[in-house]
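What the coordinates show
What follows is each chain in one-letter form.
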Amino acid sequence: MVSCERPEPSFVQKCFSSLPGLLLLAGVAVFSWYITPRLIALHPFVKALNLSDFIVAIILGMLICNTVGVHSIFKDGLRFSTTLTKTGIVVMGCKYSFAGLVKTGSEAIIIISVFLFTTAIILMWLSRRLSMSPSLGACLAAGLSICGVSACVAIAPAVRAKNEDIAYTIAVVLMFGLLALFVFPFIGHWFNLSANQFGAFAGVGIVNSAQVLAAGFSFSNDAGVVAGVYNIGRVICLPLVVLMLAIMVAAEDAKVQSQLANTSKMRIILDKFPVFVLGFLAVVLFNTFGFLSKPEAKMASTFMNWCFLLGFSSIGLTTHLRDIKAAGFSGALIGFVVASTKAALALIVVLCFLK
């Protein structure tokens, strides 16, 4: 009998299939980098919008995606958005010494932990009050408390979430995140926040990881670096929040309870641990012990910016506005109320406790 299964594409075939998408990413990124300073110079109103090439790349990508559309030939090359942003975060370690990371990181872990676990618990309680399924409640709790889409995808298998639960949560996350990209920098300038304050504000208040970085760097380069550390703090907490939510759902769902009973709790933590964080710490140590010269650190910083710019271009090119409609009015209301409350509290904390 002849097998009808297609052979797995070779590495070379995968590279060739990804090439058109990568070229499209490069085109959007370079055009955004070129056009942004010229847009800012057009009128004082445009300058007041605090546009950055990161924001322009996302907007341009969304315009292409939701007007002419993105042909299937580009799809393989657009799947690298997460890889590119994680690479940028690893290289971002060149901006820190170990002492500076401990100072910023200790503040970040304390603030992030309080906000993450409190938000997740409140959302689970709220989902019960609104008679949502436990799996949908867990997806929303993870997505709106930790790191948006990534957290939703991470929690889904542990709570046996349906595809509709994931789509609904992603729609809610994207809805608030797109709004935050423009509102947060405006709020930051309105309250005259320092780079450290705004980085913390974005790192706590914005839901999706990529949008945290985009908003941070649109405010200032230093704010983007601080926001990146807060983002790392969030993803480090991801395994623990996933485990907590799985235990909470298991109390209501017998199938999840059975699945959890047959799974090692330590295995859940290890499987969800963000390995790229180790790369970031390695670069920090290299910088601390003087292995990176100033020219090399400058080159690394430029490489980091382009990794983020390419990653954000990919996010824009894969963001369909029709997906946002999936949440409907109730999803919009839940997302707006919870995320706005979290953002308001984050603003109060950074104004009162950070310099």
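Residues numbered from 1 in each chain as written. Predicted model: local features only at pLDDT ≥ 70, side-chain atom pairs only at ≥ 80, totals over all residues. Heavy atoms only, no water.

With that out of the way, let us pick up the overall build of the protein chain. For the protein chain, the count of helices and strands is 17 helices and 0 strands. Its C-alpha radius of gyration of 21 Å places the protein chain within 12% of the 20 Å reference for a compact globule of 355 residues. Each of the 355 residues in the protein chain was classed as buried or not, and the buried ones make up 48%. Excluding contacts between residues fewer than 6 apart, the proportion of contacts in the protein chain whose partners are at least 24 apart in sequence is 83%. As displayed, the protein chain has an accessible area near 17,500 Å², and 70% of this comes from carbon and sulfur atoms. Charge separation in the protein chain, taken as the distance between the mean sites of 24 positive and 13 negative side-chain charges, equals 5 Å. (Helix = DSSP H or I, 4+ residues; strand = E, 2+ residues; numbered from the N terminus. Rg over C-alpha atoms; globule rule 2.2 N^0.38 Å. Buried < 20%, exposed > 50% of the residue type's maximum accessible area, 1.4 Å probe, protein only. Contact = heavy atoms within 4.5 Å. Areas by Shrake-Rupley, 256 points an atom, 1.4 Å probe, with all protein chains shown as cover. Lys, Arg positive; Asp, Glu negative; His and termini not counted. Charge placed at Lys NZ, Arg CZ, Asp CG, Glu CD.)

A word on the environment of Leu310. Along the polypeptide, Leu310 turns up in helix H15 (residues 294–317). Ignoring any residue separated from it by four or fewer positions in sequence, one finds Leu310 in contact with Leu25, Ala26, Ala29 and Leu84.

Attention shifts here to a nonpolar patch on the surface. Side chains of Ile59, Leu63, Leu179, Phe182, Val183, Leu333, Phe336 and Val337 sit close together on the surface and give an oily, nonpolar patch of about 680 Å² of accessible area. Elements supplying a minimum of two residues to the nonpolar patch: helix H3 (53–66), helix H8 (163–190) and helix H17 (328–353). Mapped onto the elements, Val183 comes out in helix H8. Judged by its relative accessible area of 33%, Val183 falls in the partly exposed class. (Patch = residues over 30% accessible without salt bridge, like charges linked within 9 Å, V, L, I, M, F, W, Y side chains within 5 Å. Salt bridge = Lys/Arg side-chain N within 4 Å of Asp/Glu carboxyl O.)

If you look at the biggest cluster of nonpolar residues, it comprises 107 residues, and the most contacted ones within it are Ile155, Tyr230 and Leu245. By size, the runner-up hydrophobic cluster in this structure holds 7 residues, among which are Leu25, Val28, Val70 and Leu78. (Core = buried A, V, L, I, M, F, W, Y, C linked by side-chain atoms within 4.5 Å.)

Moving on, we get to the environment of Thr104. Within the secondary structure, Thr104 sits in helix H5 (residues 98–129). A sequence separation of 125 residues divides Thr104 from Val229, and the C-alpha atoms of the two residues are 7.5 Å apart.

A few words now on the packing of aromatic side chains. Scanning the entire structure with this criterion turns up 10 aromatic pairs. Centroid distance Phe54 to Phe312: 5.4 Å. Interplanar angle 85°. Geometry classified as edge-to-face. Pair noted here: Phe54 is in helix H3 and Phe312 is in helix H15, with a separation of 258 residues, a long-range link. By relative accessible area, Phe312 is classed as buried at 0%. (Phe/Tyr/Trp six-rings, centres within 6.5 Å; stacked < 30°, edge-to-face > 60°.)

Turning our eyes to something else, we now look at H5. Taking 1.5 Å per residue, 32 residues should reach 46 Å; H5 reaches 45 Å between its end C-alpha atoms and fits that length. Looking one or two places after H5, you find Ser131, whose phi comes out positive at around 60°. (Expected span 1.5 Å × (residues − 1).)

This model, assessed by the stated rule, comprises 3 salt bridges. Residues Glu252 and Arg128 are paired through a salt bridge, measuring 2.5 Å at the closest nitrogen-oxygen approach. Of this pair, Glu252 sits in the loop between helix H11 (221–250) and helix H12 (254–261) while Arg128 sits in helix H5; the two residues are 124 residues apart in sequence, bridging distant segments of the chain. Residue classification places Arg128 among the partly exposed positions, given a relative accessible area of 40%.

Moving on, we get to unusual backbone geometry. Unusually for a residue other than glycine, Ser131 sits at a positive phi of about 60°. Considering the arrangement of structural elements, one finds Ser131 in the loop between H5 and helix H6 (134–145). With a phi angle near 55°, Asn192 is a residue other than glycine that sits in the positive phi range. Looking at the element boundaries, Asn192 is found in the loop between H8 and helix H9 (195–205).

Let us look at the packing of H9 against H11. The N-to-C vectors of H9 and H11 enclose an angle of 35°; their axes lie 7 Å apart at closest approach. The crossing of H9 and H11 is right-handed. Counting all contacts with H9, which are made through Ala195, Asn196, Phe198, Gly199, Ala200, Gly203 and Val204, the residues of H11 involved are Asp222, Ala223, Val226, Ala227, Tyr230 and Arg234. Tallied by class, residues from the contact of H9 with H11 come to 8 nonpolar, 3 polar and 2 charged. (Axes fitted to C-alpha atoms, helices over the stretch in contact; angles between N-to-C directions. Left-handed = near helix turned anticlockwise from the far one by under 90°. Nonpolar A, V, L, I, M, F, W, Y, C, P; charged D, E, K, R; others polar.)

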